[in-house]
Amino acid sequence: MPELAAARTFDSRATLWSVFLLGVIAPEVFIVQPGFVQGLVQYLGFDEQGAGYTASAEMFGLAATTILMTFAAHRFDWRRVVLVSLLVMFAANAACAFTSDLTTFVVLRFVAGLGAGSLVSLSFAAVGLTRNPDRNFGLLITWVLTYGALVLWAMPNIYELVGFGGMLWFFALFPLTALPVLRYVPRGGPDVAQVEDDAVDLPPWLRGMALAAMLAYFMAQGVVWAYLFLIGTAGGLDEQAVANGLMISQFAGIGGAALAAAAAHRWGRSLPLTVGIAGGAICLYFLVGQMAFAVYTASVVVYNFLWNLTHPYLLGAMASFDRQGRTVVLAVASQMTGLAIGPGLAAWVIGDGDLAGVNVLGAGLFALSLLLILPPVFVQSRA
């Protein structure tokens, strides 16, 4: 069978670790976006709105190529796409180090996102073609969150030692570390749809509700994640204290993903989704105004834990709503679009610089996503 042959190719140690490296490089800025946005405001001189629009532009670029490769990866030579993507990320990040003009910077971040997006899609596609995708997805998420934890922790010191430009050069050079292992990247793979064993064919209106829920949930994440660092400093904490809290929260995210993998269907989907989504909204209540380090850290730790617990259940639900795998493909597109819209939407509601609007907007979108996802989940579970 072609799928088994593909698995043998993708399971070689050199290929798997090369894919893991690409999977970490792809979200190199997004996974540390709170610290990046803080740097834009504190060191590059952008206001909170400009920083939000900058983050949104990068995510729109990332979403564009992620969606393109999600639907058309089988038409391209993966190794060539990866090479071009790495070079685009290098060039765009390096160019950012030479400008502080908002418009130019936004355009360059969009270009950097274009390079990153194809790496997101291809690395996840490659992991999905291994013999043990659940274990390997868990390892990939662990490496991504570990990178995020360490870089977020180091960002205040990096800014202090080499400035914001030094951080940009790190983002430029990190993609080049994948060039020596490019020969281990497969040139392509079969177009295999992800379908859960308990999949049923829901009516189109219920699948539409599910996709709207996915969009709303990741719009909420895009709204909140970009501004978590600024929320901490606005609450009276110094930069390193905020970085320490976010570092701990990234490791908590590993725990959330691990719990989802270990529990699987033990609690069904409606209970984990309700706890995860509603809990994320509740966390935002504690991230308003002045706050102690313990309150900030506990809130972001629970928030990140629940985010990484919820995400696998959302994707699993999407893969169970039809037997052809179309809904989960569209769900990935909704996810990336939501993450792109979120920071810009947050920038729009900030207005006079009051970050409380970010929390209110995020909580509202979480509530909307929960209301939208539960009906299709309930109907699927009873089918």
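Please refer to the structure placed before this passage.
### Considerations on empty space enclosed by the protein
Inference 1: The full count for this structure, using the stated rule, is 2 cavities of 30 Å³ or more.
Inference 2: Its volume calculated, the largest cavity comes out at about 90 Å³.
Inference 3: Along its surface, the largest cavity is lined by 16 residues, and Val29, Phe30, Glu58, Leu62 and Arg109 are the ones closest to its centre.
Inference 4: Elements with a minimum of two residues in the lining of the largest cavity: helix H3 (33-42), helix H4 (48-72), helix H5 (78-96) and helix H6 (102-128).
Inference 5: If one sorts the elements of the lining of the largest cavity by residue count, H4 sits on top with 4 residues.
Inference 6: When the residues that make up the lining of the largest cavity are grouped by side-chain class, the tally is 11 nonpolar, 2 polar and 3 charged.
Inference 7: Size it by volume and the second largest cavity reaches roughly 60 Å³.
Inference 8: Lining the second largest cavity we find Val19, Leu22, Trp78, Val82, Leu122, Ser123, Ala126, Val185 and Pro186.
Inference 9: Those elements that place two or more of their residues in the lining of the second largest cavity are helix H2 (13-25), H5 and H6.
Inference 10: In terms of residue count, H6 provides more of the lining of the second largest cavity than any other element does, 3 residues in total.

### Looking at the nonpolar core
Inference 1: With 120 residues, the main nonpolar core has Phe36, Met155, Tyr227, Leu228, Tyr296 and Ile373 as its most contacted residues.
Inference 2: Element by element, the count of residues in this core is highest for helix H8 (residues 204-225), at 13 residues.
Inference 3: Those residues in contact with Met155 that sit more than four places away from it in its chain are Val32, Gly35, Phe36, Met167 and Phe171.

### Notes on a nonpolar patch on the surface
Inference 1: A cluster of nonpolar residues, Leu259, Trp267, Leu271 and Val275, forms a patch on the protein surface that exposes about 350 Å² of accessible area.
Inference 2: In this structure, Leu259 sits in helix H10 (residues 239-263).

### Examining the packing of helix H11 (residues 270-285) against helix H12 (residues 293-318)
Inference 1: Two elements in contact, H11 and H12, have axes separated by 8 Å at closest approach and are oriented at 150°. The angle between H11 and H12 falls in the class roughly antiparallel. Classified by chirality, the crossing of H12 by H11 is left-handed. Residue-level inspection shows Pro272, Leu273, Val275, Gly276, Ile277, Gly279, Gly280, Cys283 and Leu284 of H11 in contact with H12, the latter providing Ser299, Val302, Tyr303, Leu306, Thr310, Tyr313 and Leu314.
Inference 2: For the contact of H11 with H12, the class distribution of residues is 11 nonpolar, 5 polar and no charged.

Rules of the game
- Residues numbered from 1 in each chain as written.
- Predicted model: local features only at pLDDT ≥ 70, side-chain atom pairs only at ≥ 80, totals over all residues.
- Heavy atoms only, no water.
- 1 Å grid on protein atoms, 1.4 Å probe; cavity = no way out; pocket = protein on both sides within 12 Å on 5 of 7 lines; lining within 4 Å.
- Points joined across faces, edges and corners; volume = space filled by probe spheres on them.
- Helix = DSSP H or I, 4+ residues; strand = E, 2+ residues; numbered from the N terminus.
- Nonpolar A, V, L, I, M, F, W, Y, C, P; charged D, E, K, R; others polar.
- Core = buried A, V, L, I, M, F, W, Y, C linked by side-chain atoms within 4.5 Å.
- Buried < 20%, exposed > 50% of the residue type's maximum accessible area, 1.4 Å probe, protein only.
- Contact = heavy atoms within 4.5 Å.
- Patch = residues over 30% accessible without salt bridge, like charges linked within 9 Å, V, L, I, M, F, W, Y side chains within 5 Å.
- Areas by Shrake-Rupley, 256 points an atom, 1.4 Å probe, with all protein chains shown as cover.
- Salt bridge = Lys/Arg side-chain N within 4 Å of Asp/Glu carboxyl O.
- Axes fitted to C-alpha atoms, helices over the stretch in contact; angles between N-to-C directions.
- Parallel < 35°, antiparallel > 145°, perpendicular 65-115°, else oblique.
- Left-handed = near helix turned anticlockwise from the far one by under 90°.

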